[in-house]
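Commentary on secondary and tertiary structure
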Amino acid sequence: MSNPELIEILLAEDNPQDAEMTIRALRGAGLAEHLLWVRDGVGVLDFLYRTGDFSGKQTARPKLILLDLKMPRLDGIEVLRTIKGDPGTKSIPVVMLTSSAEESDIARSYDLGVNSYVVKPVDFPKLNDEVASAGIYWLFMNRTPKLA
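The shown structure was predicted, so the numbers you read here are calculated from the model rather than taken from an experiment.

Moving on to the sheet that holds strand β3 (residues 64-67). Taken together, the 5 strands give an open sheet; going across it, the order is β2-β1-β3-β4-β5, and neighbouring strands pair in parallel fashion. Looking at which strands have only one partner, the edges of the open sheet turn out to be β2 (35-38) and β5 (116-119). With strand direction ignored, the average angle separating the axes of adjacent strands in the sheet is 20°.

If you want it as structure tokens, here you go:
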């Protein structure tokens, strides 16, 4: 596991193959050094709120959350609702990275405050390009407010 104090990207993905492809894409862009992969929405909230597996650990606020929509235990919509509904976490950029192109999922995500919605392409070269571009934008170009 990565050092939780240095996490810049928090990846929430229940499918190991999709997670590996995403991590490879980020690694290829030089963005995977400070990445943590959790397998469901509970893992995201545990990391952000220092509960469960992260209880008592010092964790940095991630610069970006890549969030899958359909996950066990707690889905991406509920995680997004929690993150964007909390003044302490609402400014963290969240990119929904999912295989769902359903208009209702897209609309609901934006209604809850998602920063971007990316449908995972089926082929790896396209996924690689999209994930790398998203990572570069959100980590290096986008500006978020500093916490007091």
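This brings us to unusual backbone geometry. For Arg50, which is not a glycine, the phi torsion comes out positive at approximately 55°. By relative accessible area, Arg50 is classed as partly exposed at 37%. Although it is not a glycine, Arg73 sits at a positive phi angle of roughly 65°. Residue Arg73 is classed as exposed on the basis of its relative accessible area, which comes to 64%.

The tally for this structure, following the rule as stated, stands at 1 aromatic pair. When the centroid spacing of 5.2 Å and the interplanar angle of 85° are considered together, the rings of Phe47 and Phe54 count as edge-to-face. For Phe54, a relative accessible area of 4% puts it in the buried group.

Moving on to the environment of Lys84. Position of Lys84 relative to the elements: it lies in helix α3 (residues 76-85). Accessibility expressed as a relative area gives 15% for Lys84, which makes it buried. Linking Lys84 and Val114, residues 30 residues apart in sequence, is a C-alpha distance of 7.9 Å. Once you skip the residues sitting within four places of it in the chain, Lys84 turns out to touch Lys90, Ile92, Pro93, Val94, Leu112, Gly113 and Asn115.

Procedures and definitions
- Residues numbered from 1 in each chain as written.
- Predicted model: local features only at pLDDT ≥ 70, side-chain atom pairs only at ≥ 80, totals over all residues.
- Heavy atoms only, no water.
- Pairing = 2+ DSSP bridges.
- Helix = DSSP H or I, 4+ residues; strand = E, 2+ residues; numbered from the N terminus.
- Axes fitted to C-alpha atoms, helices over the stretch in contact; angles between N-to-C directions.
- Buried < 20%, exposed > 50% of the residue type's maximum accessible area, 1.4 Å probe, protein only.
- Phe/Tyr/Trp six-rings, centres within 6.5 Å; stacked < 30°, edge-to-face > 60°.
- Contact = heavy atoms within 4.5 Å.

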